[in-house]
Every structure is written in C-alpha cells, then in structure tokens.
There are 2 protein chains.
Amino acid sequence: MSRLARLLPATGWLRQYTSAEFNSDLIAAAVVTVMLIPQSLAYAMLAGAPPVMGLYASILPLVAYALFGSSRTLSVGPVAIVSLMTATAVGQVVEPGSAEYISATITLALLSGVMMLLMGLLRFGMLANLLSHPVVAGFITASSIIIVLSQLKHILGISAQGENAFALTADLLANITATNLSTLCVGGFALAFLFWARKGLSPLLEAAGLSTANASRLAKAGPVLAVIVTTLAAWMLELDQRAVALVGAIPAGLPSLSLPTFEVNQWRELAGAALLISIIGYVESVSVGKTLAAKRGQRIDANQELIGLGAANVASAVSGGIPVTGGFSRSVVNFEAGAATQMASILTAIGIGLAALLLTPYLAYLPKATLAAAIIVAISSLIDLSSIKRAWLYSKSDFIAVATTIGITLGLGVELGVICGVVASIALHLHKTSQPHIAVVGEVPGTEHFRNVERHRVITTPRIVTLRIDESLYFANVSFVEDKIYAILAENPEVEHIILMCTAINEIDLSALEVLESVNERIRELGADLHLSEVKGPVMDALKKTDFLDKLTGKVYLSQHQAIAELEIATPSVYFP
Amino acid sequence: MSRLARLLPATGWLRQYTSAEFNSDLIAAAVVTVMLIPQSLAYAMLAGAPPVMGLYASILPLVAYALFGSSRTLSVGPVAIVSLMTATAVGQVVEPGSAEYISATITLALLSGVMMLLMGLLRFGMLANLLSHPVVAGFITASSIIIVLSQLKHILGISAQGENAFALTADLLANITATNLSTLCVGGFALAFLFWARKGLSPLLEAAGLSTANASRLAKAGPVLAVIVTTLAAWMLELDQRAVALVGAIPAGLPSLSLPTFEVNQWRELAGAALLISIIGYVESVSVGKTLAAKRGQRIDANQELIGLGAANVASAVSGGIPVTGGFSRSVVNFEAGAATQMASILTAIGIGLAALLLTPYLAYLPKATLAAAIIVAISSLIDLSSIKRAWLYSKSDFIAVATTIGITLGLGVELGVICGVVASIALHLHKTSQPHIAVVGEVPGTEHFRNVERHRVITTPRIVTLRIDESLYFANVSFVEDKIYAILAENPEVEHIILMCTAINEIDLSALEVLESVNERIRELGADLHLSEVKGPVMDALKKTDFLDKLTGKVYLSQHQAIAELEIATPSVYFP
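Residues numbered from 1 in each chain as written. Chains lettered and ligands numbered in written order. Predicted model: local features only at pLDDT ≥ 70, side-chain atom pairs only at ≥ 80, totals over all residues. Heavy atoms only, no water.

Participant: Before we move on, could you go through the interface of chain A and chain B and cite the residues and values that matter?
Facilitator: Taken together, the contact pairs 65 residues of chain A with 65 residues of chain B. Its largest share of buried area at the contact with chain B, chain A owes to Tyr394, Phe475 and Leu510 of chain A, together 14% of the area lost on that side. The interface formed by chain A and chain B holds 12 salt bridges in total. Of the charged contacts in the structure, one is a salt bridge between lysine 290 of chain A and glutamate 482 of chain B, with a shortest N-O distance of 3.5 Å. On inspection of chain A and its partner chain B, the count reaches 31 residue pairs in polar contact (both at pLDDT 80 or more). Ranked by residue count, the leading element in the side of chain A that touches chain B is helix 22 (residues 510-525) of chain A, at 7 residues. Classifying every residue of the side of chain A that touches chain B gives 23 nonpolar, 20 polar and 22 charged. (Contact = heavy atoms within 4.5 Å. Buried area = accessible area lost by both parts, 1.4 Å probe. Salt bridge = Lys/Arg side-chain N within 4 Å of Asp/Glu carboxyl O. Polar contact = N/O pair within 3.5 Å; in protein donor to acceptor, adjacent residues only side chain to side chain. Helix = DSSP H or I, 4+ residues; strand = E, 2+ residues; numbered from the N terminus. Nonpolar A, V, L, I, M, F, W, Y, C, P; charged D, E, K, R; others polar.)

Written as structure tokens, this is what we have:
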C-alpha cells in the first residue's frame, strides 16, 4: 500500500468508483440526511450549545472523515453520549448559555481532535483496549439514563437541575407540579409518535404500496415528520404565547471558517475531558465500524480510525461545531440504506449544507420538546440492563466492573464513571491474576497428557510432584505462588523431584525470577531437585539471558511426558487417588 | 490454632520458652540495643523530629510488635526510609522545627498504624504485591541517595535545601564554600571510622583474642564508639563555640502516654502519605521477615505482620514516637546475634528505656555530624545499582519500571516515585499481556506433543489450523487476538477446522467471551468450524454457564492429540515446513 493510500484511505475506493456505487451512496445519503437534520439540532441542544452548532458539526467533519477514515460506511457527526460528555465538561468550566460556552465547546472539539490525531500517529489506539465490554455497556446504559432524565424537563416544560442522576430525578419530581400543559402536549405527541414510528411506520408504508426497502428507508423520516408537524403547530397556534420553549432564530447559511481561541488556562481545564471524550468517542465509533466492516469482509485500521475521527473533530472546531464521532444507529442506517463508500457521507454533508442554507428560517418555531422527544426515543434503545444480568451470571468480577461503572456514572457523573470503571476492571484483573490456580497434575493413563489430580483420574508417584501454575509469573502473584509451593512441599515430605509444568506460564518477570531462584535454593536445601517442563520459547529465551538455568538443580524438559519418563526410572508408579 | 494464638503469636513461643532461649535473646538484645541507641537518635533527626522521639519509638513499639507480630526475629523501630518519608510528608503540612511538627509526626504514626491494622484485619496485605521487586529495589536505591545527600549538610556544617535530589545537590555545591571545618573534622572522622569499622573492627577484636562470634557482636558497637568519642571531644574542646551543631538537651525519662491530637484537616492532609508509609514500611519489613523465617524453616503470616506493625505504630504514636517498621540491617544483626524469639525485642526495649532514663544527660554534646555519619554509613550499603543492570539485561519492561522509579524519586520525591513506579509496572504488564504471543502449532513427530511451527519441526495439515494463544483472554487483549485470528484465517483460505489450543488460557472474561462468540459466527460464515482443545477446568466451568458451547460450531477436546486424531481422518498429513 502506498503512503498516500495509507494516509488517505479514500484514494482506495475513489480510484475504482462506479456509477452503481454512486446511486447506492446517493440513496443512503438522502436517508441519513433526513435522519441527521433533527439529530444534529437535538444533540447540539443536549450539549448545551445553540442548535446550529449541530448542523455545522454535520458538514465539514463528514468530509474530513470521508477522506481520512478507514471505514466505508461509518456515519460521523454529533452523537448523544459525546454531547452529554461535552455538556458536562464545558459546564464545569464556563457558565451554560454564555458566549464563552460556545467558544469552550469549540475548544473542546479541537482538543479532542488533536488528541485523537496524536494517538493515531503515535499508534496509541490500544489505550481503548482498557475499556472492557462490560464497562462500555454499563457506561452507555448509565449515560443513556442520564440523557433521558436530562431531556424530561423539556418534555414537561419545567426547569430541573442536578449534579447527578438522583439529584436530577429529585428536582424533576419537586418541580413536576409546574408542568406546562401545552409543552407536555407537544412533547407527549412527539414521544408517542416517534415510539410508534420506530415499529409502526414501515408496515404502514408497505401497506400503502411501497417496497419493503423503500418503506424502511422512508420510515427513518419519522423525526423529520415530527419536526414539521410540531413546528407548524407551534407557528399556527402561537405556542410561544403559551410559554412553550422554541428553538428560536437560527442563523442561515454555511459555517464560516475560523480559528478557535487560544486560552491556555481553558485548554488545561478541558484537557482531561477532551481525553475522555476522545477515548469514549473512539471506542463507540470503532465498535460499530468493526461490526459493519466485518459484515462485508472489509477491515478497518484502528490507528487510521483515530486519525479520521481526529480530523473530523478538528474540522468541526474550525467550522464552529460540537465534538463528533461515529454514531451507532446512524451508521447502521447508512449501511442498511446501501452506502457503498464514504461518498455517502460527502453527499450527506452537501444535504446538511443545503438544509443550513435553506431550511433554517423555518426552524425558529420548532419546539424544544420535539427535539427532546427525538433524543429520548433514539437513546432509550441503548439502555440495556441485560448486560448486567449476563455479567452477573458469567463472572462476578465483570459484574463488579459493570455495577461500579453504572453506579458511579449515575451518582457522580460520566467522567468519574468511566474512570472508575476502567480502574475497577484493571484492579479486578490484577486481583484475579495475583491468586492463580495451581494444580498438582498427573498423567492420564494411556496418554502423554497431564491433568489436575483433583479433577481427573491420573497416575502420580509420591517422589515426584508436578505443579502446573495457571498464570504467568509476575510481581503481583509471586509471593502467592511462593507460599503455595512451600505449602505443597510441606505436605509432601518424601518428594525428590519437583517439576514446574510451564504450559500456562507466558512470562516470568524479574520479580518472579528472583523468587524462582530462592525457591530453587530452598528446594536444594531440602534435598530435592527443581525441574521445568514445557517452557515456552519466549520464556526460555529470557531465562537463557540469566544464570538461573546454570543454578537450577534439575533439568528443563521439552515435554512433561519426557520429564516423568526420565525421572520415574528410580521410582515406581502408583495410581492416584 | 486457637483464636488467641492467631491474634497473639507471642503466646505460641512464650508457652515453651526455655532458659537457653532467654540467654540467646539476652545477648541479641544487648547487641541490638547498642546498635539502636545511635540509630534511633539519627533516624529521628532524619525524620526532622527531636532525637528523643527516636528513643521513644524504640520502646513501646518493640513490645507491641513482640506481642502481635508473627516474625520471631524482626527488629522493629525507626528505619531510614520511613524516616525520610516522614520528613517529606510532615514537611509538606507544617513548618519544620515547629511544635506542630512534633504533633503532626505523631499523627502520621497513628494514621499509618491504624491503616496497617485495618489492612491486616481486612486481609489487604496483597496490596503490597503491587510493588514489584525492581520497583522496590529502585525505590530503596533512590531513597538512599536522597538520604545521603540530605545528611551531607550535617557533615559539612552548612545549610542546604532542595525539593529534589538535583536541587539539593545544587544547593550543597552552592554553599560548600561555607563549610565549617570543625564540623567537617568531626563528621569526617566519624565517617572514616564507621566505614572502616564495618569491615575492620571485627578482625581487630579477633586479633585481640575474642572469639569470631563475640568479635562480630562487639563490632556492632562501632557507632556507639563514634558517639562516645565525638561527644567527649565536643565537650572537652567546646566545639559548640566553633559553631558545630550539637544535639542539645534531651529530656531524660520514659515517654509519657498521651493521645495524639485530633485535627480532621491534618488527618486528611497526611492520609495519603500515611498509606504510602504503611505499604512501603510493610514491604520492607515483610521482605526481611520472610527471608529470616525461611532460614529457620519458620513461616510468617502476611496479614498478621500488618497487625503487628500497625500495633507498633499505634504504640509509637501514643508514646510520642515517630513512625516505625521492621528494619533490614538491624533484623539481620538480631538474627545473627542469636535472637530466638521476640523476647529479644522486649529486652531491647528495656535497654532503650534504661538509656532514656540514664544516658540522655550525656548526649547534649553529641554532634549532629556523628549522627549524619552513622546514617550515611548505614544507608550507603543499600545503594545497589546492580539491580538496574540486571533489569536491563533480563527484561526491558522491568528496566523501564526501575528507571521510572529511580528517576521520579530523585527528581520529584519519594511519594511520586513509588506511585509512578507502581503505575508503570501495572501499565507495562497490561501492555505486555495486551499483545499476547500467538503460535500456530503442529505435532512433534512420534509424540502427542504440539509446538510452534516456527520453532520446531512438526506435522501440520493445511485444512486444520491450530492456534495456541499464550495468554488469558481478557478485555485488554481481545481486540488484538481477534485481529490476529482473522489475519491467520485470511492466510489460510483452505482451512476447514480451526482449533484454539487453550493450554495457556487461564481465564476468559466477558469481553473475551463476546469476541469468541463473534469469531465463532464469522468462522461459521466462512464455512469452517471452531474447536477448542485442552480447556482448563475453571475456564470450562465458566463457559458452561453460558450458551457459548451450544453455539460453538465445533467440539471441545480434552487433548490436542485427540482433536487432531479425530479431525484428521478426512485430511492427509504433510510435514511442515
């Protein structure tokens, strides 16, 4: 692959681009544009920013990702969880609703874009591996609950605040008697219609004579329909007179390119949040990108994805938009609507650009309640409590990680939630590997195979004890392993040969090497020999760099079977147990 | 073991205590007392506290550990590294030399004592496992360098300060022209004498007719000799008139029992440092305790050690002492002088008590330079750069951990040094396990043994690919493993059976299970089957709790040999390579 093709994956598909692909991409772009117009306004509102910033974040960023990203079908733009994190991060630094809020949001997009670019260039994509699936699932579920709670005030036409999900719920309940009925009518209608439309619109369109595919595509226009109907209603019924909150005047036209402000202090205050947004945005995007690529036998390149998403965020910042990433549901719609290449995203960007030019005057009467309903309906499908149950059934430590993530996210916020989730999974992993399973093994009769004496009927001899340590030996578990070996020695006073069967030992670090040296010495003092069997190539390479093998009282055997065959000559076999 | 015997290990040896043991313990106590008098004064000075607090920390804490600790030969009391950490921690909170400094030091002892007790009762001793040997070695070396640097000003009779080792060195050099020659004479004499005494005193005493054992014991009196000589010199030559810094009046008598002050703010400020001191103190103590116990075939109980050391620190706090732990060199001396039980420590406490009652008036003329020399000589043997070289030769990641620890400890202080060392070792461990070694394996001819095709001459068939993943499958490495499996699949288009040989897989967490499910699905779509072989008991138990085994397209084989034997029927064998 040439350097250009690696840096600009778009050159790959552009070179052999066909008119059939263009037709597919055009249809997908139309579907996604119709879906993205209300989404971009809504997610900007969720981020606490003016709605037009959502439109701006849906033009240049799509083009930037189309050029630099490695997924052919990912739909980049504003997404719910990144918008929530944006609102949290920017709200901690400047007053919500102020002019500084806009510039801080743009700064956040720039920072997270630059961080993604750096992580991609330095091949730091592996950082995302620290987020386990249960932590991600728990984080998405808890964030979605917070998002739904945060939008309920728009549906009810009340004000409600709270530093965490519980305080927010309490404040909603405290103010619920102040509900504005006109707002509730609009919001309730939009909610009911959108929930119905998700399942009910497509069959209705089919019954009206459309093909299944076209019906499914047109059904994505549900939110746009809700926007049109409620905007018209607000205009005709003069709902602003009834205190229904409306979006208000949106400046028409395309975004003007500009450089974000350089305020070192603000950069420092936003840096931590930008890093978290980069990582969470990347994980969300790459997981859907991978899934879709696998379905068509394509591959995506993790580090190139960081570069594509980083470019998209920088593009969003210089055109006055909010932080963006690859959206889950929108990418699936793009894929299913037939998008063949990122040309679909470029065409979508043109569509949103036209909307910004032509449609904005008509959106002044759009009720905020409609956007809130669109957010709630889109996000509610992400609330997935089954992952908690699954973790509970499969592994208690995965359960603790997911429960920690959900609990802290709901109680202390998204940033602490994801940090504590990661810390908890690492701590639990270290805890598990610090107390490895250690089995005394014997030969399965008639084979060269050795298994745990407590689980299988195997042959052993009292003067040879073989231990299989089911873990790499490293600093966190050496003292446990040392204690266990000494305990087993104490139980087997007749032992003459101790064999460490190293099938599961993938690494011996320096702490472990020092412990093995003292174990070897101790066993020698007891008059026995220490042998190793089935040592893996990389481990053996490392041991050869030291004098451990010279000091080892016994030998190193290629296979456990050989070890027993050679050491057994002096000692008769007996069945165990 | 009864509950009493578990809580108070002393009841074990007290019940069968013999007069022969008493005689041994008495000799050891005499040797350790003579060693501990100057050490306790010196380490109190190192901690920035009045020298008498070192004596107080050498009475009740020894009795408390004797009752609750599980090591028979550990010598608890002031130690250099904990004193350095005390000076750092308390100096950040209150003005050095002030009355508050004393109360804050006592509070720190209390806090770390309570933390050790809690960790012991909650069985959190495993926390110490996070400190790898290279990190501990690096930390001790760097701390020792800082201690030597911090004491040089007393030898030179100048003042020097610095936030880190480099700044301290710079300040020493800047002020070196102000060296007080009288002080330098005292300090230089003490240094020279003590360095010589370490090796030279014992042969001299033997030549004078003492037995080797007695000569070796008496040689431990070197520091006391230096104290006597330089104190007499200071008194007779009126060195205080020549601006030689002296210890000054030390209150005579035993410590009075008192409760530390309760200032919640100060507790909060000292809590982090107290936790670090607890962990470092515990690690230092338990490593020497383990080594000595192993030499006599005894065992020590990690959690009981925490309780013993916690009790010692609480005892130090209530009697006005500084934080304590088990000292390395002193414990070795205690052991080699013949200490049989903790009665030696109780007798040492009595010795120090007598010293506090009778000797303190004579110590007013003791030059600080003598104490500094005693510290430098004691600590210089701990500076061990060979561990860095060893880490470099054996494993680059151990080297990075030790280099990080030393660099940050010297440059940014002891607290950040140990924290960064731990974080670096965990990060490096995660990094290594996130990119596991994955081998394609084949059968070693004439055996049932399977090894890496790239390292051994083995038999394979093109339609069966066996992968051995040399790591547990968990969140940090699943995406790497997934990519690798798909890459190997792409290289082997003819494959019909993929066998995952699970000898080295000790755990499959929920993230990994979900990836295996999608790999199984993907392989099915390619028209091949996924099999597992040699799955360990605990892993199989976990998989059985899910529907993974039902969905698995292939089978689970007890041994890799069975798997190949059964699957090979349809496909002929060929030699590889």
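Right, picking up where we left off after that structure.
Participant: Explain the packing of aromatic side chains residue by residue, including any values.
Facilitator: Within a pair of aromatic rings, the relevant descriptors are the distance that separates the centres and the angle that separates the planes. Tallied over the entire structure, the rule returns 10 aromatic pairs over all chains. Plain terms: the ring middles of tyrosine 474 of chain B and phenylalanine 475 of chain B are 5.1 Å apart, the flat faces sit at 75° to each other, and that makes the pair edge-to-face. Above the plane of the ring of tyrosine 486 of chain A lies arginine 522 of chain A, whose end atom (NZ or CZ) is 4.4 Å from the centre. Across the ring face of tryptophan 392 of chain B, the terminal group of lysine 396 of chain B is positioned such that the distance to the ring centre comes to 4.5 Å. (Phe/Tyr/Trp six-rings, centres within 6.5 Å; stacked < 30°, edge-to-face > 60°. Lys NZ or Arg CZ within 6 Å of the ring centre and 35° of its normal.)

Participant: Hey, could you go over the nonpolar core for me, with residue numbers and the actual values?
Facilitator: Counting residues in each nonpolar core, the largest one holds 304 residues, and the members touching the most others are Leu500 and Ile508 of chain A together with Leu500 and Ile508 of chain B. Excluding its chain neighbours within four sequence positions, the residues that come into contact with leucine 500 of chain B are Leu467, Ile469, Ile485, Leu516, Leu530, His531, Leu532 and Ser533 of chain B. (Core = buried A, V, L, I, M, F, W, Y, C linked by side-chain atoms within 4.5 Å. Buried < 20%, exposed > 50% of the residue type's maximum accessible area, 1.4 Å probe, protein only.)

Participant: So what's going on with the environment of tyrosine 362 of chain B? Which residues, and what values?
Facilitator: With respect to the helices and strands, tyrosine 362 of chain B occurs in the loop between helix 16 (343-358) and helix 17 (368-380). For the pair tyrosine 362 of chain B and leucine 567 of chain B, spaced 205 residues apart in sequence, the C-alpha separation works out to 88 Å.

Participant: Can you break down the relation of the copies chain A and chain B residue by residue, with the values?
Facilitator: When chain A is fitted to chain B, the best match, at an RMSD of 0.1 Å, comes from turning it 180° and sliding it 0.0 Å along the axis. Classification of the inter-copy transformation places it as that of a two-fold axis. Measuring from the rotation axis to each C-alpha of chain A, the shortest distance belongs to alanine 504 of chain A, at 2.0 Å. Of the interface residues in chain A, 100% have counterparts in chain B that sit at the interface too, so the contact is made through matching surfaces. (Least-squares fit on C-alpha atoms with pLDDT ≥ 70 in both.)

Participant: Describe in detail the pairing of strand 8 (residues 529-533) of chain B, supporting the description with residues and values.
Facilitator: Residue and element names in this part refer to chain B. Of all 5 residues that make up strand 8, 4 are buried, and the element is covered over most of its length. Strand direction decides the pairing type here: strand 7 (residues 497-501) and strand 8, joined by 5 bridges, are parallel. Opposite methionine 501, over in strand 8, you have serine 533 as the bridge partner. After leaving strand 7, the chain enters helix 22 (residues 510-525) and then returns to the sheet as strand 8, a path that is right-handed. Across 2 bridges, strand 8 lies against strand 9 (residues 556-557) in parallel orientation. Looking at the pairing, leucine 532 lines up with valine 556 of strand 9. (Pairing = 2+ DSSP bridges. Right-handed = clockwise from strand over helix to strand, strands pointing away.)

Participant: Let's hear about the side chain of glutamine 39 of chain A: which residues, and what values?
Facilitator: Residues and elements named next belong to chain A. Counting through the fold element by element, glutamine 39 comes out in helix 3 (residues 19-46). On the basis of relative accessible area, glutamine 39 is assigned to the buried category, the value being 11%. Only 2.7 Å separates the side chain of glutamine 39 from the side chain of arginine 330, close enough to count as a polar contact.

Participant: Please provide a residue-by-residue account of the environment of leucine 205 of chain B, values included.
Facilitator: Residue and element names in this part refer to chain B. Within the secondary structure, leucine 205 is located in helix 10 (residues 181-207). What makes leucine 205 buried here is its relative accessible area of 17%. Separated by 169 residues in the primary sequence, leucine 205 and leucine 36 have C-alpha atoms spaced 21 Å apart. Not counting residues within four places of it along the chain, the set of residues in contact with leucine 205 comprises Leu210, Ala215, Leu218 and Ala219.

Participant: Lay out empty space enclosed by the protein with the relevant residues and their values.
Facilitator: Evaluated as defined, the whole model comprises 13 cavities of 30 Å³ or more. The volume enclosed by the largest cavity comes to roughly 390 Å³. Broken down by secondary-structure element, the contributors of at least two residues to the lining of the largest cavity are strand 4 (450-452) and helix 25 (560-568) of chain A together with strand 4 (450-452) and helix 25 (560-568) of chain B. Considering only residue class, the lining of the largest cavity consists of 5 nonpolar, 10 polar and 10 charged. Within this model, the second largest cavity holds a volume of roughly 160 Å³. (1 Å grid on protein atoms, 1.4 Å probe; cavity = no way out; pocket = protein on both sides within 12 Å on 5 of 7 lines; lining within 4 Å. Points joined across faces, edges and corners; volume = space filled by probe spheres on them.)

Participant: Describe helix 17 (residues 368-380) of chain A, listing the residues and the values that go with them.
Facilitator: All names here are of chain A. Here helix 17 contains 13 residues, and its C-alpha end-to-end distance of 18 Å stays within 8% of the 18 Å for a straight helix at 1.5 Å per residue. Across the 13 residues of helix 17, 10 count as buried, placing the element largely inside the fold. Turning to helix 17, its buried residues are Ala369, Thr370, Leu371, Ala372, Ala373, Ala374, Ile375, Ile376, Val377 and Ile379. The inward-facing, buried residues of helix 17 abut helix 3, helix 6 (80-93), helix 8 (133-156), helix 10 (181-207) and helix 12 (222-236). (Expected span 1.5 Å × (residues − 1).)

Participant: Any chance you could break down the UniProt feature "domain: STAS" (unreviewed entry) in chain A for me, citing the residues and the numbers?
Facilitator: The UniProt feature table records "domain: STAS" (unreviewed entry) at residues 454-567 of chain A. Taken end to end, residues 454-567 of chain A is 44% helix and 18% strand, and its first and last C-alpha atoms sit 22 Å apart. (UniProt positions renumbered as here; feature names shortened; annotations may be inferred.)

Participant: Any details on the pattern of salt bridges? Residues and values, ideally.
Facilitator: The final tally for this structure, using the stated rule, is 22 salt bridges over all chains. Among the ionic pairs, arginine 390 of chain B bridges to glutamate 517 of chain A, the shortest N-O distance being 2.7 Å. Taken together, the residues span two chains, with arginine 390 of chain B in helix 18 (residues 386-394) and glutamate 517 of chain A in helix 22. For lysine 536 of chain A, the salt bridge is made with aspartate 470 of chain B, and the minimal N-O distance between the two is 3.2 Å. Within this pair, whereas lysine 536 of chain A is found in the loop between strand 8 (529-533) and helix 23 (537-544), its partner aspartate 470 of chain B is found in the loop between strand 6 (464-469) and helix 21 (478-491), the two belonging to separate chains. With a relative accessible area of 4%, lysine 536 of chain A lands in the buried category. Here the residues in one salt-bridge network are Arg390 of chain A together with Glu514 and Glu517 of chain B, joined through shared partners.

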